[in-house]
Amino acid sequence: MKNVFEFLHLSRPRHLEDLLAFLRIPSISAQAAYRPDIERAADFLCDELKDLGLTVEKITGEGNPLVYAQTEIDPSRPTILIYGHYDVQPVDPEELWNSPPFEPLVKDGIIYARGASDDKGQLYAHVKAVEAFVRTGTPLPVNVKFLIEGEEEKGGDSVYEYTEKNPAKLACDAVLVSDTSLYNEDTPAITFSLRGMCYTEILVDGPGQDLHSGSFGGTVRNPGNAIAAIVASLHDGNGRVTVPGFYDDVVELDAEGRAEFDRLGYGEAELVRDTGSPASFGEANYSTLERMWVRPTCDVNGLWSGYIGEGGKTIIPSKAGAKVSMRLVPNQDPDKIARAFTDHVNAVAPSGVKVEVKVLHNAKPVLVPRDSAMMQAGLRALETGFGKKALFVGEGGSIPITGTFQACLKVPVIMLGYGLPNDNIHSPNEKFHLDNYYNGIRTSVAFFDEASRLTRK
Ligand code: BES
Ligand code: ZN
């Protein structure tokens, strides 16, 4: 392995340049105008993986292309399936970026660009790890497959459908995913739990067009007032979700789990520092980390109605709406929650307006047992890669396909996070620290090596 690590060290400037080229492609999946760039990002990966001698397929269907690649060294060795996503979030509000989101800026050891941390930089670390074996003529210690998608950020179905149809092709001994973060700058971490998701949209229709609020105010139901009432009905004063049945299947953290979270020492001060929020708030009687990692939520992600431009405009708006997502935890079932939510909104919907609930996408929560040999191999790899003691952590975000990997492939999903919690993912000035990129590549190399010592399942 020594020559591989030396090669990595010498290759740092080129590893940076190559990542910057990937980051210049504005592969935003949520906005149709960027469809050609989605294609370019997929081609960028296909070309590079082909150059490395892998067998590559660009899988095209109704959605954005999937990139599949594989190299079989020796069928008796373990196989690692690497998952990541080449699509990125939209950039708005663009005026809050200090440098253009698709013209990566490198300053003080940090890359600023949309997708730098989520997920191009993290995903690309695995590509560079494979590259190091190929370019040094060192046989890869494991068989490697890549499955990289372009719809993660918008909640697309392509990767689900492909995984459900092709479990034999994707067969492996572990899935490796880097789309999470270190615990903090000094502490690398494996994520063992992810929250799931139920993403909905509520649409309220009132008068056929905006009305003068003097002429007609007081005579019809105002959709803006109606959406406010619906949103207000979702929580009680203690931050608990009031949708009937919402908590029925929630698994409570045991005393040992609570104690483990408490030992991490993350509280009010840390939260205020990391979020810029004036104070913490959440479900009463749960600690900040519990609220963040293992308690379900119901949150407005967008809310609209009426006139929000400069000055005043006296109208009764014709329409209103909200995007509301729920983060789910084991053992909540996204479909069951979607039904409970829809029933609740219909039950509280005021008269005099039409209210419709659309469920846009669902993802299962994920829990990975911590005691498997592969999880332990992941811990050791992080310690080799970062030179620091690694932890198991929970994560509040969602990586929708991971639950399907667990169900269809029946192997552990090893989430080695190379980002930082304050990398501003989904937000202006997204960043990725060069040290984490380089140590991430080292970690992937170390993981292949650690995994190769384990027997095949
Ligand atoms: N990389 C994130 C998941 C994540 C979020 C990890 C926060 C660590 C911290 C992923 O790309 C993501 O944003 N997922 C979406 C999924 C959703 C669109 C279904 C999410 O969690 O909002
Ligand atoms: Zn991501």
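Just above sits the structure.
A quick note: this is a predicted structure, and the numbers were derived from the prediction, not measured. (Residues numbered from 1 in each chain as written. Chains lettered and ligands numbered in written order. Predicted model: local features only at pLDDT ≥ 70, side-chain atom pairs only at ≥ 80, totals over all residues. Heavy atoms only, no water.)

**Q** Mind showing me how you'd approach the site of ligand 1 here?
**A** Near ligand 1, the surroundings consist of 16 residues, among which Glu-152, Asp-179, Arg-327, Ser-398 and His-426 are the closest. At a separation of 2.7 Å, a nitrogen atom of ligand 1 approaches a polar side-chain atom of Asp-179. At a separation of 2.8 Å, an oxygen atom of ligand 1 approaches a polar side-chain atom of His-426. For ligand 1, whose unbound accessible area comes to 510 Å², protein coverage reaches 89%. Of the residues that constitute the shell around ligand 1, the class distribution is four nonpolar, six polar and six charged. (Near = heavy atom within 4 Å. Polar contact = N/O pair within 3.5 Å; in protein donor to acceptor, adjacent residues only side chain to side chain. Areas by Shrake-Rupley, 256 points an atom, 1.4 Å probe, with all protein chains shown as cover. Nonpolar A, V, L, I, M, F, W, Y, C, P; charged D, E, K, R; others polar.)

**Q** When you look at the pattern of salt bridges in this model, what are you seeing that I'm missing?
**A** A side chain with one charge may pair with a side chain of the opposite charge, provided their charged atoms come close. Applying the stated criterion to the full structure yields 27 salt bridges. Across the pair Lys-128 and Glu-131 runs a salt bridge, and its minimum N-O distance is 2.9 Å. With Lys-128 and Glu-131 both in helix α4 (residues 116–135) and three residues apart, the pair spans about one turn of that helix. Each of the two residues, Lys-128 as well as Glu-131, counts as buried. In this structure, Arg-295 and Glu-283 form a salt bridge, with 2.7 Å as the shortest nitrogen-oxygen distance. (Salt bridge = Lys/Arg side-chain N within 4 Å of Asp/Glu carboxyl O. Helix = DSSP H or I, 4+ residues; strand = E, 2+ residues; numbered from the N terminus. Buried < 20%, exposed > 50% of the residue type's maximum accessible area, 1.4 Å probe, protein only.)

**Q** Hey, could you run me through the coordination of the zinc ion (ligand 2) in this one?
**A** When a metal holds four donors in a tetrahedron, each ideal angle between them is 109.5 degrees; when it holds six in an octahedron, the ideal angles are 90 or 180 degrees. Looking at the zinc ion (ligand 2), one finds its protein donor set to be His-85 (NE2), Asp-118 (OD), Asp-179 (OD) and Asp-179 (OD), positioned 1.8 to 2.6 Å from the metal centre. Bound by six donor atoms, the zinc ion (ligand 2) shows angles of 53 to 161° at the metal and therefore irregular coordination geometry. Mapped onto the polypeptide sequence, the residues donating to the zinc ion (ligand 2) form the spacing pattern H-x32-D-x60-D. Residue Asp-118 is located in helix α4, and its partner Asp-179 is located in the loop between β7 (174–177) and β8 (189–194); the two are separated by 61 residues in the primary sequence. (Donors = N, O, S within 2.8 Å, 3.2 Å for Na, K, Ca; no water. Tetrahedral: all angles 85-135°; square planar, octahedral: opposite > 155°, others 65-115°.)

**Q** Any chance you could explain the packing of aromatic side chains here in plain terms?
**A** A complete count under the given rule lists 11 aromatic pairs for this structure. Judged by centre distance (5.6 Å) and plane angle (70°), the rings of Tyr-83 and Phe-405 are edge-to-face. Placement of Tyr-83 in strand β3 (residues 79–85) and of Phe-405 in helix α12 (residues 401–409) is noted, with a sequence separation of 322 residues between them. For Tyr-83, a relative accessible area of 0% translates into the label buried. (Phe/Tyr/Trp six-rings, centres within 6.5 Å; stacked < 30°, edge-to-face > 60°.)

**Q** Hey, could you run me through the sheet that holds strand β18 (residues 431–433) in this one?
**A** Strands pair in a sheet through their backbones, by hydrogen bonds, and they do so in one of two ways: parallel or antiparallel. With respect to topology, three strands assemble into an open sheet ordered β4-β5-β18, the strand pairing being antiparallel. Edge positions in the sheet fall to β4 (105–107) and β18, since each has one partner strand and no second. In this sheet, adjacent strand axes meet at a mean angle of 20° when their direction is disregarded. Both β4 and strand β5 (residues 110–112) contribute to a ladder of three bridges, which runs antiparallel. Bridged to Lys-107 within β5 is Ile-110. Helix α2 (residues 12–23) contacts β4, β5 and β18 of the sheet and is inclined by roughly 15° relative to β5. Across the sheet, helix α13 (residues 434–452) is in contact with β4, β5 and β18; its angle to β18 comes to roughly 60°. (Pairing = 2+ DSSP bridges. Axes fitted to C-alpha atoms, helices over the stretch in contact; angles between N-to-C directions. Contact = heavy atoms within 4.5 Å.)

**Q** What's the story with the sheet that holds strand β14 (residues 354–363) in this structure? I'm lost.
**A** One open sheet accounts for four strands, arranged β11-β13-β9-β14; its pairing is antiparallel. The sheet terminates laterally at β11 (299–305) and β14, the two strands that pair on one side only. Across the sheet, the axes of successive neighbouring strands diverge by a mean angle of 10°, strand direction being ignored. For β11 and strand β13 (residues 319–328), the ladder comprises six bridges, and the chain directions are antiparallel. Directly across from Val-300, in β13, lies its bridge partner Val-324.

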